[in-house]
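A structural walkthrough
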Amino acid sequence: MWNRNNTEENTFSTSFLKFKELRLDYRLSPRLLRALPAVRELSLGVYATNLFCLTDFPQYDPEAGMVNDGSIHAGIEAMTYPMTRSYGFNVKLSF
């Protein structure tokens, strides 16, 4: 654990490349929906969030800040948890 002194050995680059969200949606053509007369529109999709973060920062998330007495101190890392990764799908129907 690093002490919180403002010294060179406790100062890190927070440059990063983060892939926060990927979303792919496809709307079926009306020609394909002729078999379902009650459905006017149908779209399907998949998504993923927080896929990866490339950084030399020694903690979990270079975008995080420290919260102290309700104030956010940007640029001060206080051992936050890693980003939560999620996956899912969407179905949108219009009648």
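Criteria and thresholds
- Residues numbered from 1 in each chain as written.
- Predicted model: local features only at pLDDT ≥ 70, side-chain atom pairs only at ≥ 80, totals over all residues.
- Heavy atoms only, no water.
- Helix = DSSP H or I, 4+ residues; strand = E, 2+ residues; numbered from the N terminus.
- Buried < 20%, exposed > 50% of the residue type's maximum accessible area, 1.4 Å probe, protein only.
- Patch = residues over 30% accessible without salt bridge, like charges linked within 9 Å, V, L, I, M, F, W, Y side chains within 5 Å.
- Areas by Shrake-Rupley, 256 points an atom, 1.4 Å probe, with all protein chains shown as cover.
- Salt bridge = Lys/Arg side-chain N within 4 Å of Asp/Glu carboxyl O.

**Re the side chain of lysine 18**
- Assignment of secondary structure puts lysine 18 in strand 1 (residues 16–27).
- Since its relative accessible area comes to 14%, lysine 18 is described here as buried.

**Focus on a nonpolar patch on the surface**
- A cluster of nonpolar side chains, Leu17, Phe19, Leu22, Leu24, Leu44, Val46, Phe52, Leu54, Phe89, Val91, Leu93 and Phe95, forms an exposed patch at the surface whose accessible area comes to about 1,200 Å².
- At the level of secondary structure, the elements contributing two or more residues to the nonpolar patch comprise strand 1, strand 2 (41–55) and strand 5 (86–94).

**Thoughts on the pattern of salt bridges**
- Going through the model one piece at a time under the given rule, you end up with 2 salt bridges.
- Measuring nitrogen to oxygen at the nearest pair gives 3.2 Å for the salt bridge that ties arginine 23 to glutamate 21.
- When its relative accessible area of 41% is taken as the criterion, arginine 23 is described as partly exposed.
- In this structure, arginine 27 engages glutamate 41 in a salt bridge whose closest nitrogen and oxygen atoms are separated by 3.8 Å. Within this pair, whereas arginine 27 is found in strand 1, its partner glutamate 41 is found in strand 2, the two being separated by 14 residues in sequence.
- Accessibility expressed as a relative area gives 25% for glutamate 41, which makes it partly exposed.

**Remarks on unusual backbone geometry**
- Positive phi is not limited to glycine here, since asparagine 50 has a value of about 55°.
- Looking at the secondary structure, you find asparagine 50 in strand 2.

Don't take any of this as a statement about function, it's just geometry.
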